[in-house]
Amino acid sequence: MEKIKIEHVSKVFGKHIPQALELVKQQKSKTDILKETGATVGVYDASFTVNEGEIFVIMGLSGSGKSTLIRLLNRLIEPTSGNIYIDGENISTMGKESLRTVRRNKMSMVFQNFGLFPHRTLLQNTEYGLEVRGVPKEERQAKAEQALENAGLLAYKDQYPNQLSGGMQQRVGLARALANDPEILLMDEAFSALDPLIRKEMQDELLDLQQTLKKTILFITHDLNEALRIGDRIAIMKDGSIIQIGTGEEILTNPANDYVKTFVEDVDRSKVLTAENVMVRPVSVNVDLDGPKVALKRMRQEAVSLLMAVDKNRHLKGYITADDALAAAKQQEQTVHSIVQSEVLTVPPDMLIQDILGMIYNSPTPIAVVKDERLLGVLIRGVVIQALSTSDEEAEVHE
Amino acid sequence: MNNFLDNIPKIPLAPWVESAMDWLTSNFSAFFNSIQQFGKLLMNQVTDLLISIPAILLIVLVVILAFFITGKKFGLAAFSLIGLLFIYNQGLWTNLMETTTLVIFSSIISIIIGIPLGILMSKSTIAESIIKPILDFMQTMPGFVYLIPAVAFFGIGIVPGVFASVIFALPPTVRMTNLGIRQVPKELVEAADSYGSTARQKLFKVEIPLAKSTIMAGINQTVMLSLSMVVIASMIGAPGLGREVLTALQRTQVGNGFVAGLGLVIFAIIIDRLTQSFNKKKTL
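Residues numbered from 1 in each chain as written. Chains lettered and ligands numbered in written order. Predicted model: local features only at pLDDT ≥ 70, side-chain atom pairs only at ≥ 80, totals over all residues. Heavy atoms only, no water.

When its secondary structure is counted, chain A shows 18 helices and 16 strands. Scaling as 2.2 N^0.38, a compact globule of 399 residues should have a C-alpha radius of gyration of about 21 Å, whereas chain A reaches 27 Å, well beyond that. Expressed as lengths along the three principal axes of its C-alpha atoms, the size of chain A is roughly 85 × 55 × 35 Å. Sequence separation of at least 24 residues holds for 65% of the intrachain contacts in chain A that already meet a minimum separation of 6. (Helix = DSSP H or I, 4+ residues; strand = E, 2+ residues; numbered from the N terminus. Rg over C-alpha atoms; globule rule 2.2 N^0.38 Å. Contact = heavy atoms within 4.5 Å.)

What follows is the structure, given as structure tokens:
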């Protein structure tokens, strides 16, 4: 289900906006437009959709227009052209009153510097959205207290924001947004002002929250690692344009251009790629059907000295080696049951490579990737190392 | 060259202003008269009320207020006690009460006009570009000049005094209200907007509370300016400490002039510190 849809949205700041827009339509570059009209293009022909329950990350360096883009969604900044739909409703043409209703009920925003009101206590801050909506005092306080409780900050409810650390303040910022029970969360560099440890903690908390809340989240960041960590899909922005949209994996393995590539090079892939991303198709033998001779034949065909053993439901049973299969074949055994070695290391498909590296160096046999006991693939040392290296040439040298 | 300049006839600005004033006074005399009558009645009553309170009771009240509002410090309280007793001792108590009335009225009127005007200015760039030069004009024009229309409209007495004081004392409140609201951090304004606040909700729940200390600084300035108008306004018959100073000036009585002037200084310091402490307490 698509929740947010943005079609050819542009934002031009400054004078001569109509001329600048005309040039945008002619697909002139940002610098040309600035030269010809003196207008600055903040967002340039952006189009994308965000699905319900998705965390969509917009990533870009400062000046790339990402903060402008997120503000176009709730029209804190008015779009110059293009259409923005939320649940099929066109936000960009909406009247003041209906826009206010959308802001009150559909989406809440979390700010980079928290945006907490310094003259209000945490409770008063948290209930702000409900207050402007006209929710009766007792009800809104109960809801705000619940939101603070979930954030683990109920004890501080009568404190003022400046009495709290940055991490705690942003928890309040998030609690304030959630107290409103919006369908969409707009998070503008929400964790960028926090120090790295707290930031990671907050990312984890957001992901945990998302498990239960299933909000549609639009998250802005300048940190690719953060984008890869929390984003279901990522849009990369440069100079007001969206350069590439895709999953983290897609962007890492298939950068759209050199700009994205240079970005991606700095990423620690072991923290991004999972077992599923780097596993290879397992060469296996069915213990219920195949005998040692079949196993040997398959080893010859695939040029391997080891087969994974599965049953007819593809449940992992273990592995058999070439030596054992040869011995069994000589003794005219009909099945491979007796030679299956069951001590195999297994990992779930969503395990990060960085957590597998230690295992893979110490394990003599391939590691099986297993989900619900079913064998999905195997991790082979060489392939994993290749996936971790950043450029293709390097990988070839290793082979 | 000189000749050429002399050939331009004098622009009759002064007669124009004069005829405009004449037009105003003749067409609105009933209006100005009723304000004059009503204002005089009201202010005299307030003065009478202040005078009817026993001086010692009022002094004690001010001292207690000073003590608590400065965070239970003795400095201002002690100063108020000694200062007010001194004024009473010099036989200037009635004058002080008259001055108090003048300051209270001109400050309140300035605030009532000034804050909404400042809010309007902060919300509209057009309003700002119109009001700003007017404020500059009001502040740079010598205070004496305001006495002339004040007399023309309201005759002599306390009402024209308040009128002149308001014109003279209004600008800081307007300016600081505008500044305070414009200085509210952008992110907080965005936060208020993003949660769907109406303009009114944003103003009263976010902007004014956050601009409060700046607005209070403006009000403090307004109060001080209206106090500084007291002496000047006495020239058109406004009563109070200022009149004592003026009388002393006219009769070259250095001693009396000094005492009345000192009384004004004491009064000024007390209300300045009081309004400032009030501000600090509020912003905590």
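Moving on, there is more to tell.
Take a nonpolar patch on the surface next. All names here are of chain B. Taken together, the side chains of Ile56, Leu57, Val60, Leu61, Ile64, Phe68, Leu81, Ile82 and Leu85 define a hydrophobic patch exposed on the protein surface, amounting to about 810 Å² of accessible area. Within the residue set of the nonpolar patch, elements represented by two or more residues are α4 (55-69) and α5 (75-89). The greatest single-element share of the nonpolar patch, amounting to 6 residues, is contributed by α4. Tracing the backbone shows Leu81 in helix α5. (Patch = residues over 30% accessible without salt bridge, like charges linked within 9 Å, V, L, I, M, F, W, Y side chains within 5 Å. Areas by Shrake-Rupley, 256 points an atom, 1.4 Å probe, with all protein chains shown as cover. Salt bridge = Lys/Arg side-chain N within 4 Å of Asp/Glu carboxyl O.)

Moving on, we get to the sheet that holds strand β16 (residues 374-379) of chain A. Residue and element names in this part refer to chain A. Strand order across the open sheet formed by 3 strands is β14-β15-β16, with mixed pairing between neighbours. Looking along the sheet, the strands with just one partner apiece sit at the ends: β14 (346-347) and β16. Contacting β14, β15 (367-371) and β16, helix α16 (residues 353-362) crosses the sheet at an angle of about 135° to β15. (Pairing = 2+ DSSP bridges. Axes fitted to C-alpha atoms, helices over the stretch in contact; angles between N-to-C directions.)

We now examine the UniProt feature "domain: ABC transporter" (unreviewed entry) in chain A. Residues given the UniProt feature "domain: ABC transporter" (unreviewed entry) here are residues 28-264 of chain A. Measuring from the first to the last C-alpha atom of residues 28-264 of chain A gives 27 Å, for a span that is 43% helix and 22% strand. (UniProt positions renumbered as here; feature names shortened; annotations may be inferred.)

Another aspect to go through is the interface of chain A and chain B. Taken together, the contacts link 27 residues of chain A with 17 residues of chain B. In this assembly, chain A packs against chain B so that about 1,800 Å² is buried in total across both faces, 57% of it on carbon and sulfur atoms. Applying the counting rule to chain A against chain B returns 2 salt bridges. Residues Glu131 of chain A and Lys205 of chain B are paired through a salt bridge, measuring 2.6 Å at the closest nitrogen-oxygen approach. (Buried area = accessible area lost by both parts, 1.4 Å probe.)

Here we take up the environment of Ile113 of chain B. Looking at the element boundaries, Ile113 of chain B is found in helix α6 (residues 93-123). Sequence separation between Ile113 of chain B and Phe168 of chain B is 55 residues, and the spatial gap between their C-alpha atoms is 13 Å.

Residues three or four positions apart in an α-helix share a direction because the helix packs 3.6 residues into each turn. Among the residues of helix α4 (residues 96-105) of chain A, those classed as buried are Leu99, Arg100, Val102, Arg103 and Arg104 of chain A. Tucked inside the fold, the buried residues of α4 of chain A contact β6 (107-110) and α6 (128-133) of chain A together with α10 (186-194) and α11 (199-233) of chain B. (Buried < 20%, exposed > 50% of the residue type's maximum accessible area, 1.4 Å probe, protein only.)

So, on to the side chain of Glu128 of chain B. Examined against the element boundaries, Glu128 of chain B turns out to sit in helix α7 (residues 125-140). When residues no more than four places from it in sequence are discounted, the contact partners of Glu128 of chain B are Met121, Pro133, Asn178 and Arg182 of chain B.

As a further point, take the UniProt feature "domain: ABC transmembrane type-1" (unreviewed entry) in chain B. On the UniProt side, "domain: ABC transmembrane type-1" (unreviewed entry) is annotated at positions that read residues 96-275 of chain B here. This span, residues 96-275 of chain B, is 85% helix and 0% strand, and a straight line between its end C-alpha atoms measures 18 Å.

What follows is about the pairing of strand β10 (residues 241-246) of chain A. Residue and element names in this part refer to chain A. Across 5 bridges, the pairing between strand β9 (residues 233-238) and β10 is antiparallel. Of the residues in β10, the one forming a bridge with Ala235 is Ile245. Where β9 folds back on β10, the antiparallel hairpin that results is connected by 2 residues, among which Asp239 adopts a positive phi of roughly 50°.

Interface size is often expressed as the accessible area that is lost when the parts come together. Residue and element names in this part refer to chain B. Taken domain by domain, chain B comprises domain 1 (52-89) and domain 2 (94-284). Centre-to-centre separation of domain 1 and domain 2, based on C-alpha positions: 23 Å. With 13 residues of domain 1 at the interface, the matching set in domain 2 holds 12 residues. Taking both sides of the interface into account, the surface hidden between domain 1 and domain 2 amounts to around 1,100 Å²; carbon and sulfur atoms contribute 91%. Across the domain 1-domain 2 interface, the total number found is 0 salt bridges. Our count for the contact surface shared by domain 1 and domain 2 stands at 0 residue pairs in polar contact (both at pLDDT 80 or more). In terms of residue count, the dominant contributor to the side of domain 1 that touches domain 2 is α5 (7 residues). The residue makeup of the side of domain 1 that touches domain 2, split by class, is 10 nonpolar, 3 polar and no charged. (Domains from an automatic or database assignment. Polar contact = N/O pair within 3.5 Å; in protein donor to acceptor, adjacent residues only side chain to side chain. Nonpolar A, V, L, I, M, F, W, Y, C, P; charged D, E, K, R; others polar.)

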